[in-house]
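# Report on the structure
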Amino acid sequence: MRKPIRIAVLGLGWMGQAHARSAARIPALFPQRDFEPILTVCADTDPNRQHQATADFGFARATGNWEEAATAADVDAVWVTAPNMLHLPMIEAATKAGKAVFSEKPIGGKPEQTLAAYKLAQAANVKTGVG
């Protein structure tokens, strides 16, 4: 039995779309995997992208509220693909909610933000990654 990994993507711009496509392709590319990626929720402020998330990418739902997505009870992992200056608050919300976090680079606009994100993840003892 495959372990479900319920994913929230924060930002459905070019990079968010690339990650959503990648998650959707995992079953075909890795048939021997022991997990099942599930596109659970996408957060984007643009209503058209919210519609696109569910209609075209297969997310179960979409919202304009990234905090809601980052802390949702039915999410295991949060992928941060929003504009760089939003990364730190998104990472903070997700780590405090106990979510694994994958963030696109750069983590923030300043080196101090990268260090702060590291400390948040370390304090929450969650798995992280950077693209």
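Let me sum up the structure you'll find in this document. (Residues numbered from 1 in each chain as written. Predicted model: local features only at pLDDT ≥ 70, side-chain atom pairs only at ≥ 80, totals over all residues. Heavy atoms only, no water.)

## Re the environment of W79
Looking at the secondary structure, you find W79 in strand β4 (residues 77-80). A relative accessible area of 16% means that W79 is categorised as buried. Along the chain, W79 and R21 lie 58 residues apart, while their C-alpha atoms are 13 Å from each other. The residues touching W79, leaving out its near neighbours within four places in the chain, are I7, A8, V9, L10, H19, A23 and F102. (Helix = DSSP H or I, 4+ residues; strand = E, 2+ residues; numbered from the N terminus. Buried < 20%, exposed > 50% of the residue type's maximum accessible area, 1.4 Å probe, protein only. Contact = heavy atoms within 4.5 Å.)

## Some thoughts on the side chain of T63
Topologically, T63 is positioned in strand β3 (residues 61-63). According to the relative accessible area criterion, T63 is buried, its value standing at 9%. Engagement of the side chain of T63 in a polar contact is seen with the backbone nitrogen of N65, the distance being 3.0 Å. If sequence neighbours within four positions are ignored, T63 has contacts with V41, C42, A43, D44, Q50, E68 and A69. (Polar contact = N/O pair within 3.5 Å; in protein donor to acceptor, adjacent residues only side chain to side chain.)

## Topic: the layout of surface pockets
By volume, the largest pocket amounts to about 320 Å³. As for the largest pocket, its lining consists of 15 residues, of which I5, A77, W79, A100 and K127 are closest to the centre. At the level of elements, β1 (3-10), β2 (35-43), β4, β5 (100-103) and β6 (128-130) are the ones that each hand at least two residues to the lining of the largest pocket. Here the second largest pocket defines a volume of roughly 210 Å³. Forming the boundary of the second largest pocket are 17 residues, of which G11, D44, A82, P83 and L86 lie nearest the centre. (1 Å grid on protein atoms, 1.4 Å probe; cavity = no way out; pocket = protein on both sides within 12 Å on 5 of 7 lines; lining within 4 Å. Points joined across faces, edges and corners; volume = space filled by probe spheres on them.)

## So, the pairing of β5
On a regular strand, each side chain points to the face opposite its neighbour's, so the side chains alternate between the two faces of the sheet. With burial as the criterion, only one face of β5 is covered, namely that bearing V101 and S103; the residues A100 and F102 on the opposite face remain uncovered. The pairing of β4 with β5 spans 4 bridges and is parallel. Bridge pairing links A77 to A100 in β5. The parallel pair β4 and β5 is bridged by helix α4 (residues 87-96), and the resulting crossover is right-handed. Taken together, the 3 bridges between β5 and β6 define a ladder with parallel strand orientation. Bridge assignment links S103 to a residue of β6, and that residue is V130. Since β5 and β6 lie parallel, the crossover through helix α5 (residues 111-124) that links them has a hand, and here it is right-handed. (Pairing = 2+ DSSP bridges. Right-handed = clockwise from strand over helix to strand, strands pointing away.)

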